[in-house]
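Structure at a glance
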Amino acid sequence: MVLQLHVWGPAFSLPSIDAQCLAAIAYCSEVLPKDSWELIASSDPSVSPTGELPALQNGSIWVSRFRNIVDYLRQYSEGAWNLDQNLDDVQKADSVAFSSFIESRGQSLIDLSLYVTSQNYYANTSPAYGSLLQWPNQWILPPKLHSAAKTRTEHLGLSSLDLQAMEDQRKREHSAAVASGQIPSNLIQQPRDTVSKLLGRTAQTNQFRLEALTADYFEPLEAMLSRSKTCLLPADDNNNPSSLDCVALGYLSLALVPELAFPWLRDAMRAKAPLLAAYTERMRSRCFGDAPAEAKHAFQPTTPAALPWRAPERISVAAVGTTLLGTLADNTPFLREVRQNRRLKQTVEGDSAFSSIEKQVLSSYADSSNKDMLLSIATAVAGTAALVGYMVHVGLLSFSTGGVQEEEELEEDAGVLQLDPGSAADFLGAF
């Protein structure tokens, strides 16, 4: 059976707009025979039972996330499809450690570059999603991804990259000052900052912090590459890439390749890590092909192609309804908590990184959280019903039963107005 890898679709001349998807594509292109898998730009997390992309489908079996896909391919092929089979224990430990480093640090920088930086999000990232998504996802998913990226990077203290948030904060502070009487009424109307002023202020505020973040990320990888020259962690004597190189390609390519309105991350990479930039371009050509990836390659595949694209299925009416209902549920407090606990349980059960004890503990937590929520709702409903019953009992609340009597009175009034047929005939005969 042909394996199917579902991913977010192409953007920025790359075969996917998501780093984990790019890593999975690179790994599959290296380890799988070309006729054994298909690449589908579904760009819809709901196709996967866990609600995540990338997702590898093998019949009724679904596997999400890069590391889980790597483990599944190794087990499914009995070790044949494994880029790390020649690594010793120390190298495998290094691979896990540096993969975690790249994913955690790299995701934060990509979030800041593509989503938090307003110029890049509105000029580049949001239009890229618009070309990938079908209705209604094109209106639902980008704001969710934007909000999630800002939440993930709040601890970095670089929210000033979001010009819209800066402007909203300025308005709130101004309104608070006006309400407290700190600003005279004749000075309430203040000129709005121009975009150029905000950009200049943002660059000055964030320059040193961004310099530190990018240096902490690129310099260790540059040092690793300076030793091995070809790969971060060669898988064999022929300097073939390992799974670590696939992870690195996924995150580094989104830092280097996109042409953005404010390319501060690409500029930092080229200045601080020229070997790393050259390595990324070399790995990109090897795994993704020399031709830039475009949306038409995914939605209207042609042969031959560097990657085994297969056109995604058109979204069905049922899928549209499911998406709308899911969005409504995610915006309803009770249902949102239930869905989050269910996703947590599905993710934990399908993630090979968790031990059996950790899976049991987290699954029990999700179940108990749902039970506690249902108990709280039942308690609130029972308390409300008891209060209403008590108010009715003591006479503080009554329900009118005069509806039937009022209806009878209306019928009687209508009967008074009805004319007797005989009287009407006599009346007319008089004329």
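This section reports on the structure supplied with the text. (Residues numbered from 1 in each chain as written. Predicted model: local features only at pLDDT ≥ 70, side-chain atom pairs only at ≥ 80, totals over all residues. Heavy atoms only, no water.)

With 28 residues, helix α3 (residues 89-116) extends 39 Å between its outermost C-alpha atoms, agreeing within 8% with the 40 Å of an ideal straight helix rising 1.5 Å per residue. The opening residue of α3 is D88, an N-cap whose side-chain oxygen sits 3.2 Å from the backbone nitrogen of V90. (Helix = DSSP H or I, 4+ residues; strand = E, 2+ residues; numbered from the N terminus. Expected span 1.5 Å × (residues − 1). Polar contact = N/O pair within 3.5 Å; in protein donor to acceptor, adjacent residues only side chain to side chain.)

Enumeration according to the criterion identifies nine salt bridges in this entry. E294 is paired through a salt bridge with K296; the nearest N and O atoms lie 3.7 Å apart. (Salt bridge = Lys/Arg side-chain N within 4 Å of Asp/Glu carboxyl O.)

Quick look at empty space enclosed by the protein now. Under the defined criterion, the tally for this structure stands at one cavity of 30 Å³ or more. Of the volumes computed, that of the largest cavity is approximately 30 Å³. Surrounding the largest cavity, S113, A255, P258, L260, F262, P263, W264, L265 and R266 form its lining. It is helix α9 (residues 264-272) that contributes the most residues to the lining of the largest cavity, three residues altogether. Residue composition of the lining of the largest cavity, by class: seven nonpolar, one polar and one charged. (1 Å grid on protein atoms, 1.4 Å probe; cavity = no way out; pocket = protein on both sides within 12 Å on 5 of 7 lines; lining within 4 Å. Points joined across faces, edges and corners; volume = space filled by probe spheres on them. Nonpolar A, V, L, I, M, F, W, Y, C, P; charged D, E, K, R; others polar.)

This paragraph deals with the side chain of H146. With respect to the helices and strands, H146 occurs in helix α5 (residues 137-152). Beyond its immediate chain neighbours, meaning those up to four positions away, H146 contacts Y115, Y121 and Y122. (Contact = heavy atoms within 4.5 Å.)

Below, the discussion takes up unusual backbone geometry. In the segment running from L53 into P54, the intervening peptide bond is cis, with an omega of 5°. Inspection of the secondary structure assignment puts P54 in the loop between β2 (37-40) and β3 (55-58). The phi angle at R65 is positive, at roughly 75°, despite the residue not being glycine. Locating R65 in the fold gives a position in the loop between β4 (61-64) and α2 (66-76). Here R65 falls in the partly exposed class, since its relative accessible area comes to 33%. With phi around 55°, E78 is a residue other than glycine that occupies positive phi space. Its location among the elements puts E78 in the loop between α2 and α3. (Buried < 20%, exposed > 50% of the residue type's maximum accessible area, 1.4 Å probe, protein only.)

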